[in-house]
Amino acid sequence: MIRYVVRRLLISVLVLLGISAVMFFLLHVVSGSPGRVVLGPKASPEAVARFNHDHGFDRPFVVQYVSYLGQLLHGDLGRSYKLNQGVATLLVQNAPRSAMLSLAGLVLSLVIAVPLGILQAVKRNSVLDRLGTALAYTLYATPVFLLGLLLIAGLSQAVHLFPAEASQSHSPWVVITDPHAMALPVITLAVTNVAIFSQYQRSAALEQLGQDYIRVARAKGLPDRLIITRHLLRNACLPLITLLGLSIPSLLAGNLIAESLFNYPGLGLLFLNSLQREDYPVLLAYTLMGAVLTVLGNLLADVALAAADRRITLNA
């Protein structure tokens, strides 16, 4: 296990280096002159040239990239052009709020999807199963931003059940302390995951229901409730472990849409505002964070699946 993790971490470092090089190059091409972005369109060419020279933006691309890697090794993600703050500070301030929002949406989706998927498998080809599958495909095909707008129109404007805007508190615990204000963002994040997770859970449960150990348990006269809770549930949830790991980076993208729709101060809203302001150090850091989450999500999914299922071996 240790050899496998070390090997994967070394490969992950190479992958992250490649991603950082590509993103740095693309932003370098798009931004053109950071001095012009920072100082504004009315700044004189002399002032722009002096700013670029003072900050090393007039050096060759390779030199700038090597310098950027050196900053990363020291935990320096650069400085926001527009907010005049360290990018690392901005991420630390906003990441806990986004993480709690993602966690709340993920927990809610699992609480709904796991029982629903197993129930559909047990009631295979019933009206409930067909309705659940049709609803899941419909929700999966619905864009997150459209789903959020429909929730606002229905639960906020039509019946006035929840506020259309999320809480503006900067506390990461606002999801717990003010669930009424955070209900719509959490539901928006959870619904799409419910559609995905429930169908994976249904397929896994159907596969397990055909296994010999289920037939033996039924032959012994065990009630269906015990068969599901003691035998089926654990084995049927194994595919979800992999899916959860692969879903970690998608939570970052989902937050981007949900936070912008409900004006929630988190990483997603920070990214959109930085995109509008052409604040490239923040954009680069956000993209690198997504790459890190993707790599770590895959690694954690493999390790967790091997730990949960002893039949799986990790070859170094």
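This is a predicted model, so every value here is computed, not measured.

1. Section: the overall build of the protein chain
Reasoning step 1: When helices and strands are counted, the protein chain shows 14 helices and 0 strands.
Reasoning step 2: With the C-alpha coordinates aligned to their principal axes, the bounding extent of the protein chain is approximately 85 × 55 × 30 Å.
Reasoning step 3: Across the 316 residues in the protein chain, those meeting the buried criterion constitute 41%.
Reasoning step 4: For the protein chain, long-range pairs separated by at least 24 residues make up 70% of all intrachain contacts whose partners lie at least 6 apart in sequence.
Reasoning step 5: Accessible surface computed for the protein chain: about 17,000 Å², of which carbon and sulfur atoms make up 67%.

2. Let's talk about helix H7 (residues 144-158)
Reasoning step 1: Between its first and last C-alpha atoms H7 spans 20 Å; for 15 residues at 1.5 Å apiece the expected length is 21 Å, and the two agree.
Reasoning step 2: Turning to H7, its buried residues number three or more, namely Leu147, Gly148, Leu151, Ile152 and Ser156.
Reasoning step 3: Among the residues trailing H7, His160 stands out with phi positive, at a value near 55 degrees.

3. Some points on the nonpolar core
Reasoning step 1: If you look at the biggest cluster of nonpolar residues, it comprises 22 residues, and the most contacted ones within it are Val87, Leu91, Leu267, Leu270, Tyr280 and Leu284.
Reasoning step 2: Going through the elements one at a time, helix H1 (2-31), helix H4 (61-73), helix H5 (87-122), helix H13 (267-277) and helix H14 (280-308) are the ones with two or more residues in this core.
Reasoning step 3: Broken down by element, this core gets its largest block of residues, 8 residues, from H14.
Reasoning step 4: By size, the runner-up hydrophobic cluster in this structure holds 19 residues, among which are Leu101, Ala166, Leu184 and Val191.

4. Digging into the environment of Tyr286
Reasoning step 1: Residue placement: Tyr286 occurs in helix H14.
Reasoning step 2: Residue Tyr286 is classed as buried on the basis of its relative accessible area of 8%.
Reasoning step 3: Spatially, the C-alpha atoms of Tyr286 and Val38 are 19 Å apart, while their sequence positions differ by 248 residues.

5. Some details on a nonpolar patch on the surface
Reasoning step 1: Residues Leu103, Val107, Leu108, Val111 and Ile112 make up a contiguous nonpolar surface patch of roughly 400 Å² in combined accessible area.
Reasoning step 2: What makes Leu108 partly exposed here is its relative accessible area of 30%.

6. Description of the packing of H5 against H13
Working note: a packed helix pair is described by the angle between its axes plus the distance between those axes.
Reasoning step 1: Contact geometry of H5 with H13 gives a least axis separation of 8 Å together with a crossing angle of 130 degrees. One element, H5, and the other, H13, form an angle in the oblique class. On H13, the residues touching Leu90, Leu91, Asn94, Ala95 and Ser98 of H5 are Leu267, Gly268 and Leu270.
Reasoning step 2: Partitioned by chemical class, the residues of the contact of H5 with H13 number 5 nonpolar, 3 polar and no charged.

7. Describing the packing of aromatic side chains
Reasoning step 1: Applying the stated criterion across every chain yields a total of 3 aromatic pairs.
Reasoning step 2: With a centroid separation of 5.2 Å and 35 degrees between ring planes, the pair formed by Phe24 and Tyr68 is classed as tilted. Taken together, the residues span a long stretch of sequence, with Phe24 in helix H1 and Tyr68 in helix H4 at a distance of 44 residues. One exposure class covers both Phe24 and Tyr68, and it is buried.

8. Points about the side chain of Ser80
Reasoning step 1: In this fold, Ser80 is placed in the loop between H4 and H5.
Reasoning step 2: On the accessibility criterion, Ser80 (3% relative accessible area) is buried.
Reasoning step 3: In this structure the side chain of Ser80 is engaged in a polar contact, spanning 3.0 Å, whose partner is the backbone nitrogen of Leu83.
Reasoning step 4: Apart from the residues within four sequence positions on either side, Ser80 is in contact with Gln85, Val87, Leu90, Asp279 and Val282.

What counts and how
Counting starts from 1 at the beginning of each chain's written sequence and moves along it residue by residue. Local features in this predicted model are restricted to residues whose pLDDT is 70 or higher, and side-chain atom pairs enter the listing and the counts only when it is 80 or higher, whereas totals over whole chains, interfaces and linings include all residues. No hydrogens and no water enter the side-chain calculation; it runs on all heavy atoms of the structure. Helix numbers and strand numbers start at the N terminus; a helix is a DSSP run of H or I with at least 4 residues, a strand a run of E with at least 2. Only protein chains enter the accessibility calculation, which uses a 1.4 Å probe; a residue whose area is less than 20% of its type maximum is buried, one above 50% is exposed, and one in between is partly exposed. Contact definition: two residues touch when any of their heavy atoms are within 4.5 Å. Note on areas: Shrake-Rupley with a 1.4 Å probe; residue coverage comes only from the protein chains shown. Expected helix span is given by 1.5 Å per residue-to-residue step, counting one fewer step than there are residues. In these notes, a set of buried Ala, Val, Leu, Ile, Met, Phe, Trp, Tyr and Cys residues joined through side-chain atoms within 4.5 Å is what counts as a nonpolar core. For patches, a residue must show more than 30% relative accessible area and have no salt bridge; joins then use 9 Å for like charges and 5 Å for nonpolar side chains, namely Val, Leu, Ile, Met, Phe, Trp and Tyr. Each salt bridge in this description consists of a side-chain nitrogen of Lys or Arg and a carboxyl oxygen of Asp or Glu lying within 4 Å of one another. Whenever a helix is involved, its axis is fitted only over the stretch in contact; in every case the axis is a line through C-alpha atoms, and angles between N-to-C directions fall within 0 to 180 degrees. Any angle from 65 to 115 degrees is called roughly perpendicular, while one under 35 is roughly parallel, one over 145 is roughly antiparallel, and all others are oblique. Any residue outside Ala, Val, Leu, Ile, Met, Phe, Trp, Tyr, Cys, Pro, Asp, Glu, Lys and Arg is labelled polar, Gly included; the first ten of those are nonpolar and the last four are charged. Here a pair means two rings of Phe, Tyr or Trp (six-membered ring of Trp) with centres within 6.5 Å. Their orientation is stacked below 30 degrees between planes, edge-to-face above 60, and tilted elsewhere. Pairs of N or O atoms within 3.5 Å make up the polar contacts considered here, provided that, within protein, one atom can donate a hydrogen while the other can accept it, and that residues adjacent in sequence are counted only when both atoms are side-chain atoms.

Distances and angles like these do not, on their own, reveal function.
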